[in-house]
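Structural overview
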Amino acid sequence: MSDWIKKFDDVISLNGRELLDHYGTISHKLAVEKASLEYEKYKENKKEIEKNREFERTGRGYKEIEIRKVSLAYIPIFVAVKKR
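Quick caveat: nothing in here was measured; it's all calculated off a predicted structure. (Residues numbered from 1 in each chain as written. Predicted model: local features only at pLDDT ≥ 70, side-chain atom pairs only at ≥ 80, totals over all residues. Heavy atoms only, no water.)

Turning our attention to the overall build of the chain. Assigned secondary structure in the chain consists of 2 helices and 0 strands. Sorting the 84 residues of the chain into buried and exposed places 0% on the buried side. Roughly 9200 Å² of accessible area belongs to the chain as shown, and the carbon and sulfur atoms make up 61% of that amount. (Helix = DSSP H or I, 4+ residues; strand = E, 2+ residues; numbered from the N terminus. Buried < 20%, exposed > 50% of the residue type's maximum accessible area, 1.4 Å probe, protein only. Areas by Shrake-Rupley, 256 points an atom, 1.4 Å probe, with all protein chains shown as cover.)

Here's what the structure looks like:
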């Protein structure tokens, strides 16, 4: 089993990265707090993006309606009248 561990370590170290051979320096509690904080930032950013998309979508639709109203107002209307 130890030979497999060494082989995996060699494969991972081929890309030039350092292997973590200890438990690390950050406690689980700090890691969870950091992850929660970053997730809250992500959710706020996502809400802002969705709000902007919705605004652009509804704003564009409103502009199209206004353009149609204006363009239809200037179209000459011809009425067919029967000659007697």
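Next comes the rest of the write-up.
On the surface, a cluster of nonpolar side chains totalling about 530 Å² of accessible area is made up of Met1, Trp4, Ile5 and Phe8. Structurally, phenylalanine 8 can be placed in helix H1 (residues 2-13). (Patch = residues over 30% accessible without salt bridge, like charges linked within 9 Å, V, L, I, M, F, W, Y side chains within 5 Å. Salt bridge = Lys/Arg side-chain N within 4 Å of Asp/Glu carboxyl O.)

To continue, consider the pattern of salt bridges. Tallying each qualifying case throughout the model produces 6 salt bridges. Of the charged contacts in the structure, one is a salt bridge between lysine 41 and glutamate 38, with a shortest N-O distance of 3.4 Å. Pair noted here: lysine 41 and glutamate 38 are both in helix H2 (residues 28-73), with a separation of 3 residues, about one helical turn. Exposure remark for lysine 41: the relative accessible area of 45% places this residue in the partly exposed category. The class of glutamate 38 is partly exposed, set by a relative accessible area of 34%. Of the charged contacts in the structure, one is a salt bridge between lysine 51 and glutamate 48, with a shortest N-O distance of 3.8 Å. Pair noted here: lysine 51 and glutamate 48 are both in helix H2, with a separation of 3 residues, about one helical turn.

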